[in-house]
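# Analysis of the macromolecular model
Residues per chain are reported as follows:
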Amino acid sequence: MKPTGPENLALRELINELRKTKDKNYMAIAKYLSKARRTKSEVNLDKINKAAKDNEKIVVPSKVLGNGNISKPLVIYAWQFSKSAKEKIIKAGGKPLGLNDFLKEKTVARMIV
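Residues numbered from 1 in each chain as written. Predicted model: local features only at pLDDT ≥ 70, side-chain atom pairs only at ≥ 80, totals over all residues. Heavy atoms only, no water.

### Notes on the overall build of the protein chain
In terms of helices and strands, the protein chain carries 5 helices and 5 strands. For the protein chain, the succession of helices and strands along the chain, N to C, is α-α-β-α-β-β-α-β-α-β. The C-alpha atoms of the protein chain give a radius of gyration of 14 Å, which matches the 13 Å a tight globule of 113 residues would have. Per-residue burial for the protein chain yields a buried fraction of 36% across its 113 residues. Carbon and sulfur atoms provide 50% of the accessible area of the protein chain, an area that totals close to 7,200 Å². For the protein chain, the separation between the mean place of its 25 positive charges and that of its 11 negative charges on side chains is 4 Å. (Helix = DSSP H or I, 4+ residues; strand = E, 2+ residues; numbered from the N terminus. Rg over C-alpha atoms; globule rule 2.2 N^0.38 Å. Buried < 20%, exposed > 50% of the residue type's maximum accessible area, 1.4 Å probe, protein only. Areas by Shrake-Rupley, 256 points an atom, 1.4 Å probe, with all protein chains shown as cover. Lys, Arg positive; Asp, Glu negative; His and termini not counted. Charge placed at Lys NZ, Arg CZ, Asp CG, Glu CD.)

Right, here's the structure in full:
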């Protein structure tokens, strides 16, 4: 079968916008988002909590799940968040933002997959 890419139109537009920037970090995110859904993995909050420092900006090019706890105020940019993940991030003093916000802000963040 010929790979066709994501069927979600919003995701396709986001990938195209990320590729237009020609920045290597944005291109890496676009490449990960272009992968087949079965090869992408969700990220739990406990993995983010272990890897991140206080007040750090993190990019997760997949879905953030609410398994575990988060004890630091972080700004987390992701494609999707579970309801419990959003609540826990806000409770810890952080901000759950979409990848569109990451693209608009042109900010520097570390990617966790």
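### What to know about helix H2 (residues 24-34)
Every buried residue of H2 is listed here: Tyr 26, Ile 29, Ala 30, Tyr 32 and Leu 33. Projected down its long axis, H2 shows its buried positions confined to an angular sector of 160°, all on one face. Summarising the geometry of H2, the exposed residues directed more than 90 degrees from the buried face are Lys 24 and Lys 31. Check the buried side of H2 and you find it contacts helix H1 (9-20), strand S2 (57-65), strand S3 (75-81), helix H5 (99-105) and strand S5 (110-111). (Arc of directions from axis to C-beta. Contact = heavy atoms within 4.5 Å.)

Shape descriptors only; they carry no functional weight alone.
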